[in-house]
Amino acid sequence: MTSISSRRLRKELTEIQTEGCPTGITLLSADNFETWYFSIEILGESLYQGEVFKLMFRFDSSYPISAPAVQFVVNQESTAPVHPHVYSNGHICASILGTEWSPVLSVSAVCVTLQSMLASCKSKERPVDNDRYVRYAPDNPKKTRFHYDDDTV
């Protein structure tokens, strides 16, 4: 991990620990500067009202210049939300995690964006190519070249 990446993550973690996370978001663990876990609850009236999901952030040495790898945790205790931009393996097709990433974005900002994406969803359904994608998907969602064509769901 480079010193720039470590400094930035230390700064973000300190802010989270002193100021807290945004409403509905909880830091579950940040034991190192490689992997952090958050819970994200969808507040207000929405299809996901009251549901809680677990997010995993993985950072490489080029963070914050490059986006973290972010996905919903899928295991015996956690599932990915059924959403047109979320694959059943937890991978998220969101431009903010790819072509629209900016180094000024923070982990908290990404959490809030994903929380908003879920809160504004109009239909609980998987992406049309879910089965094919999940069958051949890499472990790291950053290795996928998503096609961003619909931000209205």
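Residues numbered from 1 in each chain as written. Predicted model: local features only at pLDDT ≥ 70, side-chain atom pairs only at ≥ 80, totals over all residues. Heavy atoms only, no water.

Naming follows an unreviewed UniProt entry, where the chain appears as UBC-like protein of Suillus plorans.

1. Quick notes on the sheet that holds strand β2 (residues 35–41)
Here is the rule: A pair of strands is considered paired only if DSSP assigns at least 2 bridges between the two. Counting from the N terminus, the helices are DSSP H or I runs at least four residues long and the strands are E runs at least two residues long. Orientation is described by axes fitted as lines to C-alpha atoms, over the contacting stretch for helices, and by angles from 0 to 180 degrees between their N-to-C directions. In this description, contact between two residues means that some pair of their heavy atoms is separated by no more than 4.5 Å.
Taken in spatial order, the 4 strands make up an open sheet running β1-β2-β3-β4, and their pairing is antiparallel. Because the sheet does not close on itself, it has two edges, and the strands there are β1 (25–29) and β4 (69–72). Within the sheet, the average angular offset between the axes of one strand and its neighbour, ignoring direction, is 25 degrees. As paired strands, strand β3 (residues 52–58) and β4 are joined by 4 bridges and run antiparallel to one another. If you follow Leu 55 over to β4, its bridge partner there is Phe 72. Lying on the sheet, helix α2 (residues 107–119) is in contact with β1, β2, β3 and β4; it crosses β2 at an angle near 35 degrees.

2. Description of helix α1 (residues 3–19)
Stated precisely, the cut-off is as follows: Each residue after the first adds 1.5 Å to the expected span of a helix. The classification of residues rests on relative accessible area computed with a 1.4 Å probe and restricted to protein chains. Under 20% of the type maximum is buried, over 50% is exposed, and intermediate values are partly exposed. Of all possible arcs, the one meant is that of the directions from the helix axis to the C-beta atoms.
Helix length check: α1, at 17 residues, gives a terminal C-alpha distance of 24 Å against a target of 24 Å (1.5 Å per residue), a fit within 8%. When α1 is considered as a whole, its buried residues turn out to be Ser 5, Ser 6, Arg 8, Leu 9, Glu 12, Leu 13 and Ile 16. Viewed along the axis of α1, the buried residues span an arc of 165 degrees, placing them on a single side of the element. The exposed set on the far side of α1, more than 90 degrees from its buried face, consists of Ile 4, Arg 7, Lys 11, Thr 18 and Glu 19. As for α1, its buried residues are in contact with β1, β2 and α2.

3. Brief notes about the pattern of salt bridges
Close approach of charged atoms allows side chains of opposite charge to pair. What counts, and what does not: Counted as salt bridges are all cases of a side-chain nitrogen of Lys or Arg within 4 Å of a carboxyl oxygen of Asp or Glu.
The tally for this structure, following the rule as stated, stands at 5 salt bridges. Across the salt bridge formed by Glu 15 and Lys 11, the nearest N and O atoms sit 3.2 Å from each other. You can see Glu 15 and its partner Lys 11 sitting in helix α1, 4 residues apart, about one turn around the helix. Classification of Glu 15 by relative accessible area gives partly exposed; the value is 35%. Measuring nitrogen to oxygen at the nearest pair gives 3.2 Å for the salt bridge that ties Arg 132 to Asp 129.

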